[in-house]
Amino acid sequence: LKTLAHTKTAFDPGETLTPYDAVTNYNNYYEFGTGKGDPSENAWRLKVAPWSVKVDGMTDKPGDYALEDLIDYSALEERIYRLRCVEAWSMVIPWLGVPLSGVLKKVAPQSGAKYVAFETLADKGQMPGVKSFFNVLDWPYREGLRMDEAMNELTFLAVGLYGKELPNQNGAPIRLVVPWKYGFKSIKSIVRIHFTDKEPKTSWNMSAPSEYGFYSNVNPRVSHPRWSQASERRIGEFGKRKTLMFNGYADQVAHMYDGMDLAKYY
Amino acid sequence: MQIFSVPNLRRFGKPLVFAACLIPFAWLAFNWWQAFAGAPHDLGFNPNETSNRFSGDWALRFLLISLAVTPLSRVLKSPKPILFRRMLGLFAYFYVCTHILSYLWLDLLWDWAGLWADIIKRVYITVGMAAFLMLTPMAITSTKGMIKRLGAKRWQRLHKLVYVIAPLAVIHFFMMRKGFQLEPLIYGAIYLGLMALRWKRRGGKRVKAA
């Protein structure tokens with residue numbers, strides 16, 4: 001994996017980083033299998049170059065964009081974010097990438113666009129999980145954000161971690177990072193960005209609507225039907241720590257949900 | 001065959017099977033020892049999750065293995081496998097206890113209120129706990145003295161609970177997994193297969209053993 005030039009930023013919680021080994025070998029990426037070790041084992045099949053992203057829907061500049069046209073590799077920054085999985089474990093990861101807002105501005109969403117939807121590659125030839133008969137999810141993997149969430153300063157498009165390109169199992173070559181939402185919102189290996197005025201369908205919500213909502217903000221007060229979300233296990237630690245509202249990013253994001261009942265819009 | 005005589009099975013076979021049944025536990029205990037000592041271990045990046053799943057897998061496997069003893073003795077036309085049935089059943093209980101200990105200790109950190117909240121709120125845990133509660137009287141009444149005290153008829157009726165416990169364990173596993181996954185279904189199929197073998201037996205001769 002190539003080293004990527006980047007600048008440091010103030011996005012750093014000052015917490016111990018989760019070791020590279022854990023970040024790249026303990027993954028959920030069902031296109032490569034449902035076991036935590038399956039992605040690192042199988043994702044070598046993924047061909048990440050050349051890569052293009054289709055931009056469509058309510059935009060003035062639709063089209064197929066080469067990765068390099070979307071991401072300015074000379075402007076990469078490093079951001080260290082907490083990642084809280086809906087399964088009640090967490091990591092601290094140094095990502096490399098660019099804010100999503102800049103990329104979206106480049107592709108000119110129309111003023112009527114209220115949401116942005118994303119899709120992951122779904123290729124049976126490269127992804128053993130996609131051709132499996134027992135599928136938990138409907139492919140392609142879909143995620144989405146409200147436009148204000150997408151434009152929030154925290155929302156990030158990552159192309160690398162730990163100073164290097166993204167390993168395939170972490171969503172190479174381009175993935176979303178939304179640190180105040182459960183990890184599954186941070187969609188991997190993006191091939192499509194779609195602007196719409198309706199709340200887009202999202203994969204886990206389609207699979208189990210009572211368990212995974214569209215918003216899926218990290219919220220210790222709203223438990224998952226099968227487990228509490230009040231605490232989490234940081235990978236590498238034996239004890240548990242309390243889960244923070246919005247994963248500790250309330251100052252930057254809470255205002256977007258003023259007046260919303262977060263138990264209803266979970 | 002002479003080497004598989006009943007006295008030999010009692011004297012050598014039982015300790016051997018006992019030791020074999022302890023292997024998964026020994027693996028788990030050894031790796032936890034290593035993990036706590038900060039030494040390299042095989043529990044992966046989320047040892048607690050590994051521990052819960054590993055102990056649960058073995059609990060379910062031993063339940064099914066003990067359910068396989070009777071059909072096996074029928075296939076072999078010999079009551080000898082029955083010699084091992086109680087031990088295997090008790091190992092199922094042992095691994096269920098390990099599973100619960102793992103969950104209570106590592107996941108809940110002995111938060112008893114949290115345990116209760118889980119039991120009443122989370123259906124897969126309710127199901128799992130129900131299976132555990134039913135398995136407990138079976139383990140307690142596994143001794144010869146208890147069989148006598150209860151009388152063979154009542155004892156047998158009590159021990160038919162396993163036909164309910166095993167599917168509950170499979171359902172617990174199925175519900176724990178996200179969506180529709182293959183692995184729990186394999187266990188379910190094995191259970192149904194073992195039940196079908198019992199069903200077939202009803203027409204034929206019963207193989208009986210103490």
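Under the annotation held in an unreviewed UniProt entry, chain B carries the name Protein-methionine-sulfoxide reductase heme-binding subunit MsrQ and is attributed to Kordiimonas lipolytica. What the UniProt record of chain B gives under Sequence similarities (unreviewed entry) is the line "Belongs to the MsrQ family." Within the UniProt record for chain B, the comment given under Subunit (unreviewed entry) is "Heterodimer of a catalytic subunit (MsrP) and a heme-binding subunit (MsrQ)."

As annotated in an unreviewed UniProt entry, chain A is Protein-methionine-sulfoxide reductase catalytic subunit MsrP from Kordiimonas lipolytica. The record in UniProt for chain A states the following under Subunit (unreviewed entry): "Heterodimer of a catalytic subunit (MsrP) and a heme-binding subunit (MsrQ)." According to the UniProt record, the Sequence similarities (unreviewed entry) comment for chain A reads "Belongs to the MsrP family."

Helix and strand counts for chain B stand at nine helices and zero strands. Sequence-ordered secondary structure for chain B, helices as α and strands as β, is α-α-α-α-α-α-α-α-α. Its C-alpha radius of gyration of 19 Å places chain B within 12% of the 17 Å reference for a compact globule of 210 residues. Principal axes of the C-alpha set define a box for chain B whose edges measure 50 × 35 × 35 Å. For chain B, the proportion of its 210 residues judged to be buried stands at 42%. Restricting to contacts in chain B with at least 6 residues of sequence separation, those with at least 24 account for 67%. Chain B carries 28 positive and 7 negative side-chain charges, and their two centres are separated by 27 Å.

Let us look at the interface of chain B and chain A. At the interface, 23 residues of chain B touch 26 residues of chain A. Taken together, the two surfaces of chain B and chain A that pack against each other cover about 2000 Å², and 56% of this comes from carbon and sulfur. Of all residues in chain B, Phe45(B), Arg122(B) and Lys178(B) give up the largest surface area on contact with chain A, accounting jointly for 40% of the area buried on that side. Linking chain B with chain A are three salt bridges. Contributing elements (two or more residues each) for the side of chain B that touches chain A: α1 (6–36), α2 (47–75), α3 (85–107), α8 (162–176) and α9 (182–201) of chain B. When its residues are assigned to classes, the side of chain B that touches chain A shows 13 nonpolar, four polar and six charged.

With that out of the way, let us pick up the pattern of salt bridges. All names here are of chain A. Tallied over the entire structure, the rule returns 24 salt bridges over all chains. The salt bridge partner of arginine 84 is glutamate 232, with a shortest N-O separation of 3.0 Å. Of this pair, arginine 84 sits in strand β3 (residues 77–84) while glutamate 232 sits in strand β11 (residues 231–234), and the two are 148 residues apart along the sequence. Taking the relative accessible area as the measure of exposure, arginine 84 reaches 0% and is therefore buried. One network of salt bridges, with partners in common, ties together Glu15, Arg82, Arg84, Glu232, Arg234, Glu237 and Arg241.

Residue and element names in this part refer to chain A. Following the UniProt record, one finds the feature "binding site: Mo-molybdopterin" (unreviewed entry) at Asn27, Tyr30, Glu31, Cys85, Thr120, Asn170, Arg175, Ser186, Ile187 and Lys188. When the annotated set is filtered for residues lining the largest cavity, what remains is Asn27, Tyr30, Glu31, Cys85, Thr120, Asn170, Arg175, Ser186, Ile187 and Lys188. Take serine 186: it is sitting in the loop between β9 (175–177) and β10 (190–196). Owing to a relative accessible area of 4%, serine 186 belongs among the buried residues under this scheme. As for its position among the elements, isoleucine 187 is in the loop between β9 and β10. Exposure remark for isoleucine 187: the relative accessible area of 1% places this residue in the buried category.

Further remarks concern a positive patch on the surface. Residue and element names in this part refer to chain B. On the surface, Arg10, Arg86, Lys144 and Lys148 cluster together into a patch of positive charge. Structurally, arginine 10 is set in helix α1. Judged by relative accessible area, which is 48%, arginine 10 ranks as partly exposed.

Residues and elements named next belong to chain B. In the numbering used here, UniProt assigns the "transmembrane region" (unreviewed entry) feature to residues 12–33, 58–76, 88–110, 122–140, 161–176 and 182–199. Helix makes up 95% of residues 58–76 and strand 0%, and the two end C-alpha atoms of the span are 25 Å apart. The span residues 161–176 shows a helical share of 94% and a strand share of 0%, and its end C-alpha atoms are spaced 23 Å apart.

What follows covers the UniProt feature "domain: Oxidoreductase molybdopterin-binding" (unreviewed entry) in chain A. The UniProt record marks residues 47–204 of chain A with the feature "domain: Oxidoreductase molybdopterin-binding" (unreviewed entry), using the residue numbering of this structure. Taken end to end, residues 47–204 of chain A has its terminal C-alpha atoms 25 Å apart, with 14% of it in helix and 37% in strand.

What follows concerns the UniProt feature "domain: Ferric oxidoreductase" (unreviewed entry) in chain B. In the numbering adopted here, UniProt assigns the feature "domain: Ferric oxidoreductase" (unreviewed entry) to residues 56–169 of chain B. Secondary structure across residues 56–169 of chain B comprises 82% helix and 0% strand; the distance between its end C-alpha atoms is 9 Å.

This part is about helix α5 (residues 123–140) of chain B. Residue and element names in this part refer to chain B. Under the 1.5 Å per step criterion, the end-to-end length of α5 is 26 Å for 18 residues, consistent within 8% with the ideal 26 Å. Buried within α5 we find Tyr124, Ile125, Val127, Gly128, Met129, Ala131, Phe132, Leu135, Thr136, Met138 and Ala139. The secondary structure elements touched by the buried residues of α5 are α2, α3, α4 (112–121), α7 (152–159) and α8.

With that out of the way, let us pick up empty space enclosed by the protein. Residues and elements named next belong to chain A. Applying the stated rule across the entire model yields one cavity of 30 Å³ or more. Here the largest cavity is characterised by a volume of approximately 420 Å³. Along its surface, the largest cavity is lined by 28 residues, and Asn28, Tyr29, Gly183, Phe184 and Lys188 are the ones closest to its centre. Looking at the lining of the largest cavity, the element that brings in the most residues is strand β4 (residues 89–99), giving four residues. Looking at the lining of the largest cavity residue by residue, the class counts come to 17 nonpolar, six polar and five charged.

Residue and element names in this part refer to chain A. Spatially, five strands are ordered β2-β1-β10-β5-β6 in an open sheet, and the strand pairing comes out mixed. One side of each edge strand has no neighbouring strand; the edge strands of this open sheet are β2 (63–66) and β6 (142–146). Sheet twist, expressed as the average angle between the axes of neighbouring strands with direction ignored, equals 20°.

Rules used in this analysis
Per-chain numbering applies: the sequence of each chain, read as written, is numbered from 1 onward. Chain letters and ligand numbers both follow the written order, the letters beginning at A and the numbers at 1. Local features in this predicted model are restricted to residues of pLDDT 70 or higher, and side-chain atom pairs are both shown and tallied only at a pLDDT of 80 or more, whereas totals for entire chains, interfaces and linings draw on every residue. Calculation of side-chain values draws on the structure's entire complement of heavy atoms; hydrogens and water are dropped beforehand. UniProt positions are given in the numbering used here, feature names are shortened, and annotations may be inferred rather than shown by experiment. By definition, any uninterrupted DSSP run of H or I lasting at least four residues is a helix, any uninterrupted run of E lasting at least two residues is a strand, and each is numbered from the N terminus. Both definitions apply: the radius of gyration is a C-alpha atom measure, and the globule rule equals 2.2 Å times residues to the power 0.38. Each residue gets one of three labels from its accessible area relative to the maximum for its type: buried under 20%, exposed over 50%, partly exposed in between, using a 1.4 Å probe on protein chains only. Any pair of residues with heavy atoms lying within 4.5 Å of one another is described as a contacting pair. Charge convention: Lys and Arg are scored as positive, Asp and Glu as negative, and His as well as the terminal groups of each chain are ignored. Lys charges are placed at NZ, Arg charges at CZ, Asp charges at CG and Glu charges at CD. Once two parts are put together, the accessible area they lose, assessed with a 1.4 Å probe and summed over both, is termed the buried area. In what follows, salt bridge is the name for a side-chain nitrogen of Lys or Arg lying within 4 Å of a carboxyl oxygen of Asp or Glu. Gly counts as polar in this scheme, as do all residues outside two lists: the nonpolar Ala, Val, Leu, Ile, Met, Phe, Trp, Tyr, Cys and Pro, and the charged Asp, Glu, Lys and Arg. Here a cavity means grid points, on a 1 Å grid over the protein atoms only, where a 1.4 Å probe fits yet cannot get out; a pocket means an open set of points with protein on both sides within 12 Å along at least five of seven lines; lining residues are those with an atom within 4 Å of a point. Like-charged residues are merged into a patch within 9 Å and nonpolar side chains (Val, Leu, Ile, Met, Phe, Trp, Tyr) within 5 Å, provided each residue has over 30% relative accessible area and no salt bridge. To measure how exposed things are, a 1.4 Å probe is used in the Shrake-Rupley method; for residues, cover is taken only from the protein chains shown. Here a helix's expected span is defined as the number of its residues, less one, multiplied by 1.5 Å. Grid points are joined across faces, edges and corners, and a volume is the space filled by probe spheres set on the points. Pairing between strands is defined by DSSP: at least two bridges between them are needed. To obtain each axis, a line is fitted to C-alpha atoms, and for helices this fit is confined to the stretch in contact; angles are then taken between N-to-C directions over 0 to 180 degrees.

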